[in-house]
Structure formats: structure tokens, C-alpha cells
Amino acid sequence: MKLIKILSDRIQIRTTQKEFEDVRINDLVSISDDSVELITMVTAVTESESEAGISEEDEFLLGGTDIKIVEGSIIGSVHDGKFSNAIDKYPVTNVKAKEIATEEFKKMIEYANGKGFQIGKYAAYDCPAWVNGNRFFQRHACIVGNTGSGKSETVAKILESISKLKAGNVVVFDIHGEYAQLSYARNIKIGKDFAFPVWMFGLTGMTNNILKIRGETSTVVMSAIRKVYYKLCPDGREDRPVYFDYNLMLQELTRMNEEEITTREIYKSGDKAGTPKKVKGEFYGKLTGVINSMTDKRQDRRYSFLFEERPQKYLLQVVHDIMDNDKPVKNIDLSDIPHDVAIPLIGVITTLIYGIQRSCQMSDITPITLVCDEAHVYIPNGIQLSASERRMTETFEEIAKEGRKFGVSLFVASQRPSELNKTIMAQCANFIVSKLNNENDKSMIRGMLPDGSESVVGTTTTFNPGEVLIIGDAVPIPLKIQVTLAEERPQSRTIEFWNKWNRKADMNLTEGIREYVNF
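My aim in this report is to walk through the structure given alongside it, one point at a time.

The rules we used
Once a new chain begins, its residue numbering starts again from 1 and follows that chain's sequence as written. pLDDT decides what is reported in this predicted model: residues at 70 or higher carry local features, side-chain atom pairs at 80 or more are listed and counted, and totals for whole chains, interfaces and linings draw on all residues regardless. Derived side-chain values reflect all non-hydrogen atoms in the structure, with water molecules and hydrogen atoms excluded from consideration. Strands are runs of DSSP state E lasting at least two residues, helices are runs of H or I lasting at least four, and both sets are numbered from the N terminus onward. Partly exposed describes any residue whose relative accessible area lies between the buried limit of under 20% and the exposed limit of over 50%, with all areas from a 1.4 Å probe on protein chains only and scaled to the type maximum. Arc definition: directions from the helix axis to the C-beta atoms. Any residue with an atom within 4 Å of a point lines the site, the site being either a cavity, points on a 1 Å grid over the protein atoms alone where a 1.4 Å probe fits but cannot get out, or a pocket, an open set with protein on both sides within 12 Å along at least 5 of 7 lines. Grid points are joined across faces, edges and corners, and a volume is the space filled by probe spheres set on the points. Gly is placed with the polar residues, together with every amino acid not listed as nonpolar (Ala, Val, Leu, Ile, Met, Phe, Trp, Tyr, Cys and Pro) or charged (Asp, Glu, Lys and Arg). For Phe, Tyr and Trp, rings pair up if their centres lie within 6.5 Å, where Trp contributes its six-membered ring, and each pair is then called stacked (planes under 30 degrees apart), edge-to-face (over 60) or tilted (otherwise). By the criterion adopted, a ring carries a charge over it if an Arg CZ or a Lys NZ lies within 6 Å of its centre and within 35 degrees of its normal. Helix span is expected to be 1.5 Å times the residue number reduced by one. Throughout this description, a polar contact denotes any pair of N or O atoms lying within 3.5 Å of each other; where both atoms belong to protein, one of them has to be capable of donating a hydrogen while the other can accept it, and for residues adjacent in sequence the pair is counted only when both atoms sit in side chains.

So, on to unusual backbone geometry. You will see that aspartate 34, though not glycine, has its phi angle at about 80°, which is positive. With respect to the secondary-structure elements, aspartate 34 resides in the loop between strand E3 (28-32) and strand E4 (37-50). Backbone geometry places aspartate 126, a non-glycine residue, at a positive phi of 50°. When its relative accessible area of 54% is taken as the criterion, aspartate 126 is described as exposed.

For the rest of this paragraph, the subject is helix H2 (residues 102-109). Residues of H2 that are buried include every one of Phe105, Met108 and Ile109, and no others. An end-on view of H2 places all buried positions within 80° of arc, on one side of the element. In H2, the exposed residues that point more than 90 degrees away from the buried face are Glu103 and Lys107.

What follows deals with empty space enclosed by the protein. Following the criterion strictly, the structure yields one cavity of 30 Å³ or more and no others. There is about 100 Å³ of room inside the largest cavity. In this structure, the largest cavity is lined by 13 residues; those nearest its centre are Tyr246, Leu306, Phe307, Glu308 and Glu309. Split by residue class, the lining of the largest cavity holds eight nonpolar, one polar and four charged.

This next bit is on the packing of aromatic side chains. In total, this model carries 15 aromatic pairs according to the counting rule given. Ring geometry for phenylalanine 105 versus tyrosine 125: centroids 4.2 Å apart, planes at 10°, classification stacked. Placement of the pair is phenylalanine 105 in helix H2 and tyrosine 125 in the loop between strand E8 (116-122) and strand E9 (128-132), with a sequence separation of 20 residues. Summarising the burial analysis for this pair, phenylalanine 105 and tyrosine 125 share the class buried. Cluster of aromatic residues (ring-pair linked, three or more members): Phe117, Phe136, Phe137 and Phe411. Positioned over the ring face of tyrosine 303 is lysine 297, at 5.0 Å from the centre of the ring.

Let's shift gears to helix H7 (residues 246-258). Counting along an α-helix, one turn takes 3.6 residues, and residues three or four places apart therefore face a common direction. Along its 13 residues, H7 runs 19 Å from first to last C-alpha, staying within 8% of the 18 Å computed at 1.5 Å per residue. For H7, every residue scored as buried is listed here: Tyr246, Met249, Leu250, Glu252, Leu253, Met256 and Asn257. Looking straight down H7, one finds its buried side chains confined to an arc of 165°; they lie on one side. Away from its buried face, by an angle of more than 90 degrees, H7 presents the exposed residues Gln251 and Glu258. Two or three places before asparagine 247, at the start of H7, stands the capping residue aspartate 245, its side-chain oxygen 2.9 Å from that residue's backbone nitrogen.

Structure follows, in C-alpha cells:
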């Protein structure tokens, strides 16, 4: 056996057909020269014939000597019988190679068992797969995969593991209502059941995200709104959730839009003779658009949760509901509210949580993790963002870079990692990768991984639902894992087209039409 090629992240060895008779793609192979032992994952196997000292004419009759070229990706090394992701030295060209048997594999990773939560079993070795809880949640994590690949099932398994702790503290941004029925979670269903008054967005958030006013192009409108705002709450702060009366603001803007100012002059003739002259006020006729927008939003019952009257002290109730750890999981269910409000609302809640955590004394901080479902929708990677979208993205970026100092971490989930914010991705120390087909998505993940882990991402193309690859310092080895189903599973939004079509049923569109046109 001879090591014929070695690079920083992969090796190639030449051996006989007999020696590695049953080797397969994804098998683990140990490469050692007695002083260094590397662990590699087989990525390619090539069989060929060498001439073995016989003439070309006789080779067809006698046959050459079968040899096998085995190529592998270096995923770590073994020190004192324990697997490590670190590689200190590389072997020389004369090496010994052997396949890793189940018992040897168990000994290599047994040091990691019991130091967190068991997520499933290693597919190739049928032994428990453990994730280090501290390392997984402390330095941010990311789960990616195609739709239908089992991301929600994996997240549910992790949430269930957290629920068994004494003081778990996780906030889930649940866009589709998949985790609403979990018994160990407090489901906060924004909408009819849970008001989120518009003043909690702050004045800036309301104008940018609810009324869609762009300050840079609507200077006059913003000037009028600010004037009314500080009249209603002199001590207000535009970027903070300070109470103001939306209806009074609308009334005052309407008055300003119609205001005429009396001058000292008198009409001397005509129908108005003897009456004081009037001139148009500063904002006369200039606020019609924003008044109509504010009125339409208030009258649209889809947005009614924004306009329920709640005093300033309601903020305390909302924060306690979201951040208290009396329930290990707080599920922010956004499935019943319009998408154009759901996304900025995530930003408001995230800013609240992070701001409060930063304001707490270190001794009072309870760590909290934000689970960001469909994260590419509101933490995108792009330069063509509005001012409010940039501010929201910057909040998540700051948490990714500084959050661990204040006990805030991110666990982002996405089916399109190539569209996720690169700064946040770069700060994630652990990746859970389920089935990925898109080359752009795979390239994005490869670019975030250390040498040696890149090639294993390609194997995820053939994964079945529920099979994942976990890469990072929270697991002892990057190897395919079959995730164990949680006892309480998420509510899948997948509709079985064929089965539905195969059952005779009349379509009832009346309720849907009423909801759509807001009857």
C-alpha cells in the first residue's frame, strides 16, 4: 500500500483489490504511519490493472495485477484513541490503511456522548449521535435543506430536547404555524388572539413598515407626523415602543391637512365681504395620501390586531410572554397575519429581545436563542434593501457578531442558504445540512466550512428525509445522521396533491373569497 497523493484536505492511496474488497463511498478509512493517524471519508474508488512485468501481448491472456485507487476527504485525526477535527501533522507516503469498524468508531467518539442531547443515530454505524448543547447554541447554528427534506422535524427534535431542561429559553419565529401545537411551548398567535399595537413598532417602524412612507422622499409628510407625535407624547423616542394614540394622530393630521389660517385682513367685497381673509396652512392638502393610508389600514380587519387600544404597560406583558423562561419554548405564530407586517414584526421583537438583554446585568441574564424559520425571507443577502430592511438585517448581524456576550444566539433555518445573509452565515459555528440539490446552495455551504468538510456536502444530494449532516464543533465527527422523530411533531403544511385529487370533493370557495376581499 502506498500513499500516492496527499493534500491539506484529501488523500489518495494505491492498494490491492483484495485489501479493500468491500470499501464503499462514504466509508471511514484510517490512514496511519505509526506517528500520525488521519480519518478520511471515501469519496471515490477506482479499479485498474497494472502491467506487473509482463509483455503487452501476454497481458490479455494472463491478465495484469488488479489495483485499487481509493480517494478520501480528510475529516480529522485520532489522538489517544479519540477523534478530533484538528490536524496537527500529516503522514509520510508509506502508510497503513484500514476501514473503521463499529466498535472502533464508538471508542473514537464516546468522549462526546452525554454532553448535550441525542439527535439520532449515525447511519453507517448504528450508534447514538450526540450534539454538545453549549457549543451548538453558544456560537450560532444553521439548518438548511430542500423543502420536504425534514428541516422542521429536526428543529422539533431539538426543541423537544430543550423542553426537558429546567430553564430552557427559546423564541421561535414560526411563519407557517408549524410548531403551534407543541405542549411544552407557549404559542403566541399574533392576530385575533394576541394584539400587537402599532405604537410598539415605534414611530419609525410604523411609518416605514406599516404605512410604507419613505422619509427620504416624503419630507413634508414625515415632518407633519413627527410634529403630531411629539405633541401627543413629548418624551417619545421614534425608535422605541412608546405609546401614542393612533386615532388622535389621524385626527390631528386630518385637521392639519384642512387647516386654513386667518390673517389680519378683511374681505372688502364679494360674498365674503366683511369676513377675515384666510390662507392655506403649512400642510394644507399635502397629507391626503398618508391620511388615506392610515384610514385604510385601520379599517382593514386583517390589520385589526395593530389598532386595539393598549396602554404603555402592555409592553411589559408582551415582553414577559416572549422572554420569560417559565415555558422553554415561546412560539411566535405569524401564520394568521399579512406577510407585509409579519416580517417587520419579527424585526421589532428581535430588537426588543436584544435591547433588553443588553440592558440587563450579567448576573441577571438568562441565555435565549432565536429560531429563525425561513430566515432568507427577512435576513437576505442583498444590497438592494430599503432603509428599514437594512436596519433589520443589521440587528441580526450584530447579534451574530456580539450576541453571545449578552446571552443571545441564533439558530437560522432556510431552504435557500445562497440567499441568506453572508455575515450571519459566516458567524455560524455549526451547520445541519439535509438534502440539498441546488448547486448555488451547496457552494454557499461549502464556502463556510473548513477544509476537509467541503466534499462531504456533495453527499447530501442523495439523502432521504430526516437524514442530516452536522458539521461544526458541537459534534465529534461530520457523518450522516438519521434524526430520531420527536414525540410531538410539527404540523406539516405539505398537501398531498394526488391523494386529494383522488377523493371526490366539491370546492367551497365562499369563505376564501370573503377573507380575500375582506368582507
